[in-house]
Amino acid sequence: MSSAENVDLIRSLHPGPHVDIAALVNDEEAAGRLRNAIGHLFDPAIKATMRFPGLAPVTYSGLDGMRTAWRDWLMHRTSYSDEIEDVIGDGDRVIVVHRGYRRDSPDAPESVLKRVTVWTLQQGRIVGVDFNVPYADALPAARAQSGS
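This report concerns the structure included in the present document. (Residues numbered from 1 in each chain as written. Predicted model: local features only at pLDDT ≥ 70, side-chain atom pairs only at ≥ 80, totals over all residues. Heavy atoms only, no water.)

## Side note on the environment of Asn6
Looking at the secondary structure, you find Asn6 in helix H1 (residues 3-13). Considering only alpha carbons, one finds Asn6 and Gly89, 83 residues apart in sequence, at a separation of 7.2 Å. With near-sequence residues (within four places) excluded, Asn6 lies in contact with Met1, Gly91, Asp92, Val94 and Leu121. (Helix = DSSP H or I, 4+ residues; strand = E, 2+ residues; numbered from the N terminus. Contact = heavy atoms within 4.5 Å.)

## Side note on the packing of aromatic side chains
Taken as a whole and assessed by the stated rule, the structure comprises four aromatic pairs. Measuring from ring centre to ring centre gives 6.2 Å for Phe52 and Trp73, while their planes differ by 45 degrees; the resulting arrangement is tilted. With Phe52 in the loop between strand E1 (42-50) and strand E2 (58-61) and Trp73 in helix H4 (residues 62-74), this pair connects stretches of sequence that are 21 residues apart. Trp73 matches Phe52 in its accessibility class, with the two residues each being buried. For the pair Trp119 and Phe131, a centre-to-centre distance of 5.9 Å together with 80 degrees between the ring planes defines the contact as edge-to-face. Placement of the pair is Trp119 in strand E5 (residues 111-122) and Phe131 in strand E6 (residues 125-134), with a sequence separation of twelve residues. An aromatic cluster is built from Trp70, Tyr80, Trp119 and Phe131, whose rings are joined through pairwise contacts. When the ring centre of Trp73 is taken as reference, the NZ or CZ atom of Arg77 above it lies at 5.3 Å. (Phe/Tyr/Trp six-rings, centres within 6.5 Å; stacked < 30°, edge-to-face > 60°. Buried < 20%, exposed > 50% of the residue type's maximum accessible area, 1.4 Å probe, protein only. Lys NZ or Arg CZ within 6 Å of the ring centre and 35° of its normal.)

## Considerations on H4
Helix length check: H4, at 13 residues, gives a terminal C-alpha distance of 19 Å against a target of 18 Å (1.5 Å per residue), a fit within 8%. Buried residues of H4: Gly62, Gly65, Met66, Ala69, Trp70, Trp73 and Leu74, and no others. Contacts made by the buried residues of H4 are with helix H2 (21-26), E1, E2, strand E3 (79-90), E5 and E6. (Expected span 1.5 Å × (residues − 1).)

See the structure below:
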C-alpha cells in the first residue's frame, strides 16, 4: 500500500469527536461489533504500546490486548473522545496528531490532552500502534525521518 492509502486506512479507524470511546470499549456488544467490522485490518500478533503518565510504556499483544490497553488507559475516565488534528504519512508509519477530551468524573471539568499515535503497517495490515505518545516527543522524530 502507498503512504496515502495507509493514511486513509488509519483515518477510517477513528470514530470521530462525538463518540465516547470510554463507553465504546466498556460495552461488550459494541466492542464485539467493532472487532468484527475492523478486525481483518490488524495482524493477529499486533503489538500495542500504551504510555501512561510517569510510567514506562506498557506493551499489549493481539486485538484483545489492544482493548485491554484502552480499558487500562480509560479506567479512571467517565468519558473520553478524540479529535484528529493532523495525519502524517511516513511510508509504513502513520502519525496521528489528536486532541483527547476526557472527564474523570461526571461533574469534573473536561481536560484536553494533545497527543500522538504512531501506527505501523505492513502489506496493508496494522502490525503495531504506539498510543499516547507525548506530542513534544513524536513530532520532531517524525519530521526528522520525513526530512521536513
